[in-house]
Amino acid sequence: MTPSHDQSARLGILFILAGVVAISINDLLIKSLSGEYPLHQLVFTRATIGILFSLVFVKMEGGFHLLKTQTPGLHALRGFLVIIANMTFYAAVAVMPLAQATALFFVAPLFITLLSIPFLGERVGPMRLGAVVVGFVGVVVMQQPWSAEPLAAGRMALLLPVAAALTYALMQVMTRRLGAKAAASAMAVYIQGMFLCVSGIFYLIAGDGRFAEGSTNESVQFLLRAWVFPPMSDWTTFLGLGLCSGLIGYCLSAAYKVANAATIAPYEYAGLPLAIFWGWVIFGEWPDGATWIGCALIVGAGLFVFIREQRRHSTPNGWRRRSMRR
């Protein structure tokens, strides 16, 4: 039986919320390890563990034959976009408060709204487009262009989460397009495989840390420092990273497969209060005034887009239009 629109939306929301919780814990763990290990080592380790969890999900969804695909190139491109999103976001996390990086990354649902027009054929009216503009004003506010004093993280570093948001949005739109022919667990395995390949290449090229020598930039150090064999005390953290990685890949793929992108994307904002909480409790970080204002504009814009989307689908004409597009 084909699930109804409401059932699909509820299922998508549950998946996205579970994925957001896993993301917030993943970000916390990576930030806690960012001063000791290179990013590509963390990615390689969590992908090695995460792919095992993902293969379990494949088996639960129907078996390993689900890993067969007729579009390997598109899945590889999707995985590459995830890698870029991860690298740029975690390079930012290494040098700025977790809440600030997360808030800037949350322009991703606004990017998804824009990208759903050409790629998914979804209709976005002037009110929602206006909300998208407001959200990007929030990004500018957090840049504090009026301030002559340099920001702690640097203004260029503040663009890293925005770049991550754009590549993440492209990946999720591709998930919606590919989801009709690929299982969520299989797409998670493809991503983990890409993480393993790229981080392995990083190790072969930069695993000895020679490209980080002489650099005082914390982001560069995090990306390129030498691999370090972790002590036993850190293996629990690495195991947690792997578990979160498997859950993230599966839950986000499943969410964007079963539900409309513009409907579920705003629920990713649940990660912002979690990031503020972890930053405050674990790292003693508290957002400044500009960050709070930027957060309000970005989140407010996203919620407005969500409300408009829900109203559009609640009308008979809106339902008929959506049904015809499906």
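Residues numbered from 1 in each chain as written. Predicted model: local features only at pLDDT ≥ 70, side-chain atom pairs only at ≥ 80, totals over all residues. Heavy atoms only, no water.

Comments concerning the overall build of the protein
Where we set the bar: To qualify as a helix, a DSSP run of H or I must reach at least 4 residues; to qualify as a strand, a run of E must reach at least 2; elements of each kind are numbered from the N terminus. Under the scheme applied here, a residue whose accessible area is under 20% of the maximum for its type counts as buried, over 50% as exposed, and between as partly exposed, the area being computed with a 1.4 Å probe on protein chains only. Residues are treated as being in contact if the distance between any of their heavy atoms lies within 4.5 Å. We get accessible surface area from the Shrake-Rupley algorithm with a probe of 1.4 Å; when it comes to residues, only the shown protein chains can shield them.
Helix and strand content of the protein: 14 helices and zero strands. Each helix (α) and strand (β) of the protein, taken in turn from the N terminus, gives the series α-α-α-α-α-α-α-α-α-α-α-α-α-α. Expressed as a percentage of the 326 residues in the protein, the buried residues total 54%. Relative to all contacts within the protein whose residues are 6 or more apart in sequence, the contacts with residues 24 or more apart total 84%. Summed over all atoms, the accessible surface of the protein reaches about 14900 Å², with 70% contributed by carbon and sulfur.

Quick word on the side chain of Glu 285
Among the secondary structure elements, Glu 285 is positioned in the loop between helix H12 (271-283) and helix H13 (289-314). Setting aside residues no more than four positions away along its own chain, Glu 285 makes contact with Lys 31, Met 96, Pro 97, Leu 98, Gly 279 and Trp 280.

A closer look at empty space enclosed by the protein
Selection rule: Every definition here rests on a 1 Å grid over the protein atoms only: cavities are sets of points where a 1.4 Å probe fits but cannot get out, pockets are open sets enclosed by protein on both sides within 12 Å along at least five of seven lines, and lining residues have some atom within 4 Å of a point. Grid points are joined across faces, edges and corners, and a volume is the space filled by probe spheres set on the points. Think of it as three bins: nonpolar holds Ala, Val, Leu, Ile, Met, Phe, Trp, Tyr, Cys and Pro, charged holds Asp, Glu, Lys and Arg, and polar takes everything else, Gly as well.
Applying the stated criterion across every chain yields a total of two cavities of 30 Å³ or more. Within this model, the largest cavity holds a volume of roughly 500 Å³. Where the lining of the largest cavity is concerned, the elements lending two or more residues are helix H1 (5-33), helix H3 (72-93), helix H4 (98-105), helix H7 (160-178), helix H8 (184-206), helix H10 (232-258) and H12. Take the lining of the largest cavity: its biggest share by element is six residues, from H3. A class-by-class count of the residues in the lining of the largest cavity yields 18 nonpolar, 11 polar and four charged. Of the voids in this model, the second largest cavity is the one considered here, and its volume is about 110 Å³. Every residue lining the second largest cavity is listed: Leu 39, His 40, Val 43, Ile 83, Asn 86, Met 87, Phe 195, Val 198, Ser 199, Phe 202 and Leu 223. For the lining of the second largest cavity, the secondary-structure elements that each account for two or more residues are helix H2 (39-61), H3 and H8. The leading source of residues in the lining of the second largest cavity is H8, at four residues.

Regarding the confidence of the model for the protein
Spelled out, the test is: Note on scores: pLDDT gives the predictor's confidence for each residue, bounded by 0 and 100.
Model confidence for the protein is summarised by a mean pLDDT of 83, while 87% of its residues fall at 70 or above. Taking the mean pLDDT of every element in the protein, the minimum, 34, falls on helix H14 (residues 316-325) and the maximum, 91, on H12. Predicted confidence is poor over residues 316-326, with pLDDT under 50, and the contacts of this stretch with residues over four places away or in other chains come to 17 contacts.

A look at the environment of Leu 17
Following the sequence through the fold, Leu 17 ends up in helix H1. What makes Leu 17 partly exposed here is its relative accessible area of 32%. When residues no more than four places from it in sequence are discounted, the contact partners of Leu 17 are Tyr 267 and Ala 270.

Topic: the packing of aromatic side chains
Worth spelling out the cut-off: Pairing of aromatic rings covers Phe, Tyr and Trp, the last counted by its six-membered ring, and requires centre-to-centre distances within 6.5 Å; plane angles under 30 degrees mean stacked, over 60 mean edge-to-face, and any other angle means tilted. Any Lys NZ or Arg CZ that is within 6 Å of a ring centre and within 35 degrees of that ring's normal is treated as a charge sitting over the ring.
Across all of its chains, the model carries 16 aromatic pairs by this definition. An aromatic cluster is defined as three or more aromatic residues linked by ring pairs; in this entry it consists of Phe 89, Tyr 90, Phe 105, Phe 106, Tyr 168 and Tyr 269. Sitting over the face of the ring of Phe 283, Lys 31 holds its NZ or CZ atom 5.4 Å from the ring centroid. For Arg 46, the ring lying beneath its charged end belongs to Phe 195, and the centroid distance is 5.2 Å.

Quick word on the pattern of salt bridges
We count it as follows: Salt bridges are defined as contacts in which a side-chain nitrogen from Lys or Arg sits within 4 Å of a carboxyl oxygen from Asp or Glu.
For the structure shown, the criterion picks out two salt bridges. Put simply, Glu 285 and Lys 31 hold a salt bridge, and the shortest N to O gap is 3.5 Å. With Glu 285 in the loop between H12 and H13 and Lys 31 in helix H1, this residue pair connects regions lying 254 residues apart in the sequence. The burial state of Glu 285 is the same as that of Lys 31; both residues are buried. Its salt-bridge partner being Arg 210, residue Asp 208 comes within 2.8 Å of it at the nearest N-O pair. Since its relative accessible area comes to 46%, Asp 208 is described here as partly exposed. For Arg 210, a relative accessible area of 41% puts it in the partly exposed group.

Some words on the environment of Ser 32
What counts, and what does not: The term polar contact refers here to a pair of N or O atoms within 3.5 Å; inside protein, the definition further demands a hydrogen-donor-capable atom paired with an acceptor-capable atom, and it admits residues adjacent in sequence only when both atoms are side-chain atoms.
Position of Ser 32 among the secondary structure elements: in helix H1. Residue class for Ser 32 comes out partly exposed when judged on its relative accessible area of 36%. Each C-alpha atom, one on Ser 32 and one on Ala 94, is 9.1 Å from the other, the two residues being 62 residues apart in sequence. A polar contact of 2.6 Å, which involves the side chain of Ser 32, links it to the backbone oxygen of Leu 29.

Side note on the environment of Gly 289
Position of Gly 289 among the secondary structure elements: in helix H13. Residue classification places Gly 289 among the partly exposed residues on the basis of a relative accessible area of 48%. Put simply, Gly 289 and Met 142 are 147 residues apart on the chain and 9.0 Å apart in space, counted from C-alpha to C-alpha.

Brief notes about the packing of H2 against H8
As a reminder, the rule being used: Between N-to-C directions, angles span 0 to 180 degrees; the directions come from axes that are lines fitted to C-alpha atoms, helices contributing only their stretch in contact. Each angle is binned into one of four classes, with values under 35 degrees roughly parallel, values over 145 roughly antiparallel, values of 65 to 115 roughly perpendicular, and all other values oblique. Crossings are classed by handedness, with left-handed meaning an anticlockwise turn of the near helix from the far one by less than a right angle and right-handed meaning a clockwise turn.
Contact geometry for H2 and H8: axes closest at 8 Å, N-to-C directions at 160°. Put simply, H2 runs roughly antiparallel to H8. In the crossing of H2 with H8, the sense of the turn from one axis to the other is left-handed. Residues belonging to the contact of H2 with H8 are distributed by class as follows: 16 nonpolar, nine polar and two charged.

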